[in-house]
Amino acid sequence: MKHCIGCANGLDALKLIIKAYGFRNGDEIIVPANTYIASILAISDNGCTPVLVEPDINTYNINPDLIEEKITDKTRAVLVVHLYGQAVQMDKIWALAKKYNLKIIEDSAQAHGALYNGKCTGSLGDASGFSFYPGKNLGCLGDGGAVTTNDDELAQKIRALRNYGSHIKYHNLYQGSNSRLDEIQAAILSVKLPELDKDNKRRREISKYYRENISTSKIILPHTDNEMSHVWHIFAVRTSNRNDFQAYLKQNEIQTLIHYPIPPHKQPAYKEWNNLSFPLTEEIHDTILSLPISPVMTDDEVKKVVEVINAF
Ligand SMILES: *Cc1c(COP(=O)(O)O)cnc(C)c1O
């Protein structure tokens, strides 16, 4: 991409994009209902209205076939989230964006290096936000983020917005914020970026081993159509008796986490949505569990996870 602009974190990256486009006052932005809360906070923090869309139950990404019915004359953008590390199926979304003149904003916080049709996340829309939180596929040692875009005007504006709205010291063009990328974190990222493809390759190996060797019918394994489209930030399985399964794994010294236990529309922060129903999103949040996956896992550890699961 022509521009990669460092900022303080992934949430800020998304907020800066929406602010720089000038979306506000009830402008609507379409977003998956089952995303991490940050994607939605970036929209509402700008005074825009998040319009929630159910995911595809196989990929856990936004279902492109459910987007068009949500488009109104207030819709300005689709915010796609490459959830768990898998690139969103973009073809239909590109077509809709063209048809209705919408911007495509990517939330690439979990998918550094994932490819769709040979193109990297961060280059699949008009602008993309990345997070470099330590646990992400590319992480620094604290908080960090970036925006990528080919839009010169947008890039210029974001460079100012992250720096008090200023291009020239003490001259303030906009009411900006302080969202600079810390120099120490930037230095760490310069060293780690060349390792990203290797780390992602190791994640793919582990994922493949899990998918080929976990043989219990009690859990549903994650699905991908194309090995290069997924960088396995999270290896999410689903099971109807999650509590027992998680407790059993813990007894066997295997840590798991839930990404995420409560969907955004059920959060107190969005109480106006608490009575809305998104059955697939709720089903995912009730049954999903993340198995260990990390480039630093050894082969023995990966094997142990499989053995323990198959004995459940
Ligand atoms: C981590 C994450 C963010 C936010 O990134 P921070 O750097 O923690 O602000 C946004 N969206 C998704 C999908 C994330 O996983």
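Refer to the preceding data block for the structure.
Let us look at the structure shown here. All of these numbers come straight from a predicted model, not from anything done at the bench. Along each chain, numbering runs from 1 in the same order as the chain's sequence is written. Local features in a predicted model are, by the rule used here, given only for residues with pLDDT of at least 70; side-chain atom pairs are given and counted only at 80 or more, and totals for whole chains, interfaces and linings are based on all residues. Hydrogen atoms and water are omitted, and side-chain values are computed over all heavy atoms in the structure.

Below, the discussion takes up the sheet that holds strand β3 (residues 49-53). Pairing within the open sheet is mixed, and its seven strands lie in the order β1-β9-β8-β5-β4-β2-β3. Edge positions in the open sheet fall to β1 (3-7) and β3, since each of these has one partner strand only. Within the sheet, the average angular offset between the axes of one strand and its neighbour, ignoring direction, is 25 degrees. Pairing geometry for strand β2 (residues 28-32) and strand β4 (residues 75-81), over three bridges, is parallel. Within β4, the residue paired with Glu28 across the bridge is Thr75. It only takes one pair of heavy atoms within 4.5 Å for two residues to be counted as in contact. With axes taken as lines fitted to C-alpha atoms, and helix axes fitted only over the stretch in contact, angles between N-to-C directions fall between 0 and 180 degrees. Counting from the N terminus, the helices are the DSSP runs of H or I reaching at least four residues and the strands are the DSSP runs of E reaching at least two. Taken strand by strand, helix α1 (residues 10-21) contacts β1, β2, β4, β5 (103-107), β8 (127-131) and β9 (145-149), and its axis lies near 160 degrees from that of β8. Along the sheet, helix α4 (residues 152-161) makes contact with β1, β8 and β9, crossing β1 at roughly 20 degrees. Each pair of strands is called paired provided DSSP finds at least two bridges between the two strands.

We now examine the nonpolar core. Among buried residues, those of type Ala, Val, Leu, Ile, Met, Phe, Trp, Tyr and Cys that are joined through side-chain atoms within 4.5 Å constitute a nonpolar core. In this scheme, a residue with accessible area under 20% of its type's maximum is buried, one over 50% is exposed, and one in between is partly exposed, where area comes from a 1.4 Å probe on protein chains only. By size, the foremost hydrophobic cluster in this structure holds 38 residues, and its most contacted members are Ile18, Ile29, Leu79, Tyr84, Ile105 and Ile158. The set of elements that each furnish at least two residues to this core consists of β1, α1, β2, α2 (37-44), β4 and α4. Non-local contacts of Ile29, meaning those with residues more than four positions away in its chain, are made with Ile18, Phe23, Ile43, Cys48, Thr49, Pro50, Val51, Ala77 and Leu79. By size, the runner-up hydrophobic cluster in this structure holds 21 residues, among which are Val80, Val88, Ala97 and Ile104.

Let us now look at unusual backbone geometry. Look at the link from His259 to Tyr260: it is a cis peptide, with omega at 15 degrees. Relative to the helices and strands, Tyr260 resides in the loop between α7 (242-251) and α8 (279-287). In this structure, Tyr60 takes a positive phi of about 70 degrees despite not being glycine. The topology assignment puts Tyr60 in the loop between β3 and β4. Relative accessible area serves as the criterion here: at 4%, Tyr60 is assigned to the buried category. One non-glycine residue, Trp232, adopts positive backbone phi at about 50 degrees. Looking at the secondary structure, you find Trp232 in the loop between α6 (196-213) and β12 (235-238).

Turning next to the site of the ligand. Neighbouring residues are identified by heavy atoms, a residue being near a molecule or strand if any of them is within 4 Å of it. Taken together, the neighbourhood of the ligand is formed by Asn9, Gly10, Leu11, Tyr36, Ala38, Val81, Asp107, Ala109, Gln110, Ser131 and Lys136. Contact distances for the ligand include 2.8 Å between an oxygen atom and a backbone N or O atom of Gly10. What qualifies as a polar contact is a pair of N or O atoms within 3.5 Å, subject to a donor-acceptor requirement within protein and to the restriction that residues adjacent in sequence count only when both atoms come from side chains. Note that an oxygen atom of the ligand is positioned 2.6 Å from one of the side-chain N or O atoms of Ser131. Within the complex, the protein chains bury 90% of what would otherwise be the 380 Å² of accessible surface of the ligand. Put simply, Ala, Val, Leu, Ile, Met, Phe, Trp, Tyr, Cys and Pro go in the nonpolar bin, Asp, Glu, Lys and Arg in the charged bin, and everything else, Gly too, in the polar bin. Classifying every residue of the shell around the ligand gives five nonpolar, four polar and two charged. The method behind every accessible area is Shrake-Rupley, applied with a 1.4 Å probe, and residues are considered shielded solely by the protein chains displayed.

The next thing to look at is the pattern of salt bridges. Put simply, a salt bridge is a Lys or Arg side-chain nitrogen that is within 4 Å of an Asp or Glu carboxyl oxygen. Counting across every chain of the model gives 13 salt bridges. The partner of Asp65 in a salt bridge is Lys92, with the nearest N and O atoms 2.9 Å apart. With Asp65 in the loop between β3 and β4 and Lys92 in helix α3 (residues 91-100), the pair connects residues that are 27 residues apart, well separated along the chain. A salt bridge links Arg238 to Glu283; the shortest N-O distance between them is 3.5 Å. A residue pair is termed long-range when its members are at least 10 positions apart, and Arg238 in strand β12 and Glu283 in helix α8 qualify at 45 residues. Residues joined by salt bridges that share partners form a network here, namely Asp12, Lys15 and Asp45.

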